[in-house]
Amino acid sequence: MKLHIMRKKAGDNKVQLKIAGNMTIYSIKKLKELLLRELKSSSRITMDLSGINEADTSAFQMLVFLKREAAATDREFHVVNMSNRLQSIFSLYNETI
Amino acid sequence: MAGNQSDKNFKAVYFTESRELLDAMEVSLLALEKNNSDEESINSIFRAVHTIKGNSGMFGFARIGEFTHNLENMLSSVRTGDLQITDEMSVLLLEAHDFISIMLDYYEGADDDAALDPDMESLFLNLAGRIDEFLPGGNDEEHDKISSTETYAPAEVSIEGDNELYVNNDCWHISLRFGKNVFKDGLDPYSFISYLGEKGEIKNIKTVYEDMPFGDKMMADQCYLGFEMDFKSSMSKREIEDVFDFVINDCELRILPPNTGIADYVTLIEDLPETTMRIGDMLKEIGSLTGAELKMALELQARKSESITKSPEELLVGNILLEEKMVQKPVLEAALEKQTLIKKREESNRKLIRIDAEKLDHLINLIGELVITGSNVKQISESEEKIGLVKSVTDMAKLIEEIRDSTMGIRMVQIGETFKRFERVVRDLSREKGKQVELEIYGGDTELDKTLIDKISDPLIHLIRNAVDHGIGSPDERKRAGKSAIGTVTLNAFHETGSIIIEVRDDGNGLDRDKIYVKALELGLVKPDQNPSDYDIYQYIFLPGFSTASEISNISGRGVGMDVVKKNIESLRGTVVLESEKGEGTTIRIHLPLTLAIIDGFMVKLADSYYVLPLDMVTECTEVSREELDSKEGGNYMNLRGDVLPFMKMREFFMETGDEPEKQKVIVVEYSRKKVGLVVDDLIGEFQTVIKPLGKIFSSLQWISGSTILGTGEVAYILDIPKLIKSAQIMEYNEL
């Protein structure tokens, strides 16, 4: 299943993203570039990840990366609604976002 | 046991044997891990532990006895089905196995009642505690206490010995750093770690991504992750490593065992790419180390690195000072102690040298070749008519013969020592069963190949146990039957024409023929209209799965079954028969070949082929004219100095055609107290030879046990006389 990204502006420099599909090594490079761009160009980013049906550790790594990146560049980064699959990865690695 | 020397010899036997038992135990443990309901493995482990326990008690190694006693209790519950073998338990068993081996090494050089050194003592307590947990009534609370490390105050850092520090944590610490290409190689760390989670409990895990670059430099398809985790499981280090087998080239894996020394953590902290503080915090966070332990580790590490940053001279001095203060002292002491141990051991071993069996086998092979070449030279020299040469060659042949004999002698061991061990078996079992049994030993000086003795020991134990458990009745029963209250089990070993015979005899009740017959009927082994002889009926008990209900008891369950006894003996090219008389007792007779690779043979010629017979079965040779043989009516019997001698025409047996010589030779062989004459064309003479096994395709040729190559390059066959006689009997029977 391809990746679908719905982008919604939510006021000044604020972005809401809804991502659905497979978040795996096959698409992770492009997705990271896209999300990093979004993060840089906004002050607050909110992601809805409930539609992710397939995910792997590279997705986990990218989300952790984004969180760290946001903190380092003083931006807000929120994830709302993680899919079960993502949740199971985060709980195995004992990480939160 | 008279005198110190024999005492020492006995102890040497104890150590060697215990090690052998441990080896067997290990094999079974490994088999058990593959199939955790394998009864044979459980029994063999039990047997090993049980025997070590018994022997340890006998020689006064109390601590080993104590330890194996605990272990035996646990195994006993397994055998009764009260406990199930779990992965955790099989790991514990392996650890216990290793520990027994450590104790054996230790006590071999120390006094029997010496105290264990502190390291071993703590391991002892650790293992014994874990064994106790399995036993009914094991203390679960204590178990919990150990696992919750955070509740331990700094004072709880256990200090063993002088300076050796141990971490108080019963979890494995696993440190993982994945390589950059893991994702690209199609591997997902998630699958490995979640699999690990199924195999035990990941008590705590921490993701490490210190090395991950920021911003655009971070490549999302590369992996920058690492994990530090606390893992509670009964798996072995090897098994944990196996979990990561697929990804092993793509990751760095470091595993620290539960309750390891702080020094190991120091090494870990140094090895990991992240900074010391970061790692230290993480170790504390996931609970691998307590704050106090961490502090100690960091101090230790700081002192170490301090010495490294100093100039070389300072480093040397610093090192020495530091080491002296910190670690070296116990190490030095241990080294000194070890040296004295080695010295002691050397003294006690002065008369025994342990040789790698492989080296010995190699030597024996070489000598085998030398024997063949020697025979060749002899044959050639005899055709040359140079007096000097013949004499030299004869002398050389004599020397080769001596070399051969003494080399084979190296492998030969008196069976007496093995027999004597069984006294304990008989004593223990008879007490347990409320019986009075004495073991009588004959022929303890009979020499057997060492490997043969090793392999025959287990079947013998089983037979002896059977004899005590089933054969001999209780004192009351025996008195009623008009026998003395004390039963006797007799072990007897002796040589008999080319084989060694070991007898296990009891003067007990004998086998119940009718019961076995009924069971055999039930199993369809005999048809109701058949009427096999008693002897034949008794042999049924060697069949797999053959057991009459009354024979099952906790003792017979302990050992191998009779079918395994038979299988073991047959794998040594031996045979086993059972004779029994109701009310009189049972005798089990094991025939073993001398299993020497080199035999003294007697060569004969038949048509164009050469055959070799084992010389020690040949009793005499005689000549007989063809008329005399042919004129016999009513069967193949001839007159040997007034005795009737059955004979066999080898020409007929091998279906040789062609002209028979006018005068044929008869070679008289004896086996199992039976004499048979073999009619051959010509006698060549004595011949030393090496048995070369024939290929598998000839394995159905039962009456040929091997071949050998003659000086002329021709092949001679080595006849297996017992089987030859047997097949001749069968053929004759079929003709009738």
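Note that the structure is predicted; figures quoted are calculated from it, not measured. (Residues numbered from 1 in each chain as written. Chains lettered and ligands numbered in written order. Predicted model: local features only at pLDDT ≥ 70, side-chain atom pairs only at ≥ 80, totals over all residues. Heavy atoms only, no water.)

Undergrad: Give a description of the sheet that holds strand β3 (residues 44-55) of chain A that names residues and reports values.
TA: Sheet strands pair via backbone hydrogen bonds, and the direction of the pair is either parallel or antiparallel. Residues and elements named next belong to chain A. Across the sheet, which stays open at both edges, the four strands sit in the order β1-β2-β3-β4 with mixed pairing between neighbours. One side of each edge strand has no neighbouring strand; the edge strands of this open sheet are β1 (4-9) and β4 (76-82). On average, adjacent strands in this sheet sit at an angle of 15 degrees to one another, irrespective of strand direction. Here β1 pairs with strand β2 (residues 14-23) via six bridges, running antiparallel. Bridged to H4 within β2 is A20. Contacting β1, β2, β3 and β4, helix α1 (residues 25-40) runs over the sheet at an angle of about 175 degrees to β2. Contacts between helix α3 (residues 84-92) and the sheet are confined to β3 and β4, with β3 contributing the most and set at about 100 degrees to the helix. (Pairing = 2+ DSSP bridges. Helix = DSSP H or I, 4+ residues; strand = E, 2+ residues; numbered from the N terminus. Axes fitted to C-alpha atoms, helices over the stretch in contact; angles between N-to-C directions. Contact = heavy atoms within 4.5 Å.)

Undergrad: Lay out the interface of chain B and chain A with the relevant residues and their values.
TA: If you look at the interface, chain B gives 26 residues, while chain A gives 23 residues. Buried area between chain B and chain A, summed over both chains or domains, comes out near 2200 Å², and the portion from carbon and sulfur atoms is 61%. Scanning the region where chain B abuts chain A turns up two salt bridges. Ionic pairing is found between D216 of chain B and K40 of chain A, a salt bridge with its closest N-O pair at 3.4 Å. Between chain B and chain A we count 16 residue pairs in polar contact (both at pLDDT 80 or more) in total. Listed by contribution, the elements that provide at least two residues to the side of chain B that touches chain A are α7 (189-199) and β4 (201-208) of chain B. (Buried area = accessible area lost by both parts, 1.4 Å probe. Salt bridge = Lys/Arg side-chain N within 4 Å of Asp/Glu carboxyl O. Polar contact = N/O pair within 3.5 Å; in protein donor to acceptor, adjacent residues only side chain to side chain.)

Undergrad: Lay out the side chain of T446 of chain B in plain terms, naming residues and giving numbers.
TA: All names here are of chain B. Following the sequence through the fold, T446 ends up in the loop between β8 (437-442) and β9 (447-449). At 3.1 Å, the side chain of T446 forms a polar contact with the backbone oxygen of A493. Residues contacting T446, with those up to four places away along its chain left out, are V413, Q414, I415, A493, F494, H495 and I500.

Undergrad: Explain the side chain of K665 of chain B residue by residue, including any values.
TA: Considering the arrangement of structural elements, one finds K665 of chain B in strand β19 (residues 663-671). Beyond its immediate stretch of four places on either side in the chain, K665 of chain B contacts T622, E623, L678, V679, V680, D681, D682 and L683 of chain B.

Undergrad: Explain the packing of helix α2 (residues 57-72) of chain A against α3 of chain A to me, using residue names and the numbers behind them.
TA: Residues and elements named next belong to chain A. Packing of α2 against α3 leaves a shortest axis separation of 10 Å and a crossing angle of 75 degrees. Relative to α3, α2 is oriented roughly perpendicular. Along its contact with α2, which presents F60, L63 and V64, the element α3 presents L86, I89 and F90. Across the contact of α2 with α3, the residue classes tally to six nonpolar, no polar and no charged. (Parallel < 35°, antiparallel > 145°, perpendicular 65-115°, else oblique. Nonpolar A, V, L, I, M, F, W, Y, C, P; charged D, E, K, R; others polar.)

Note that all results are geometric; they support no functional claim without further evidence.
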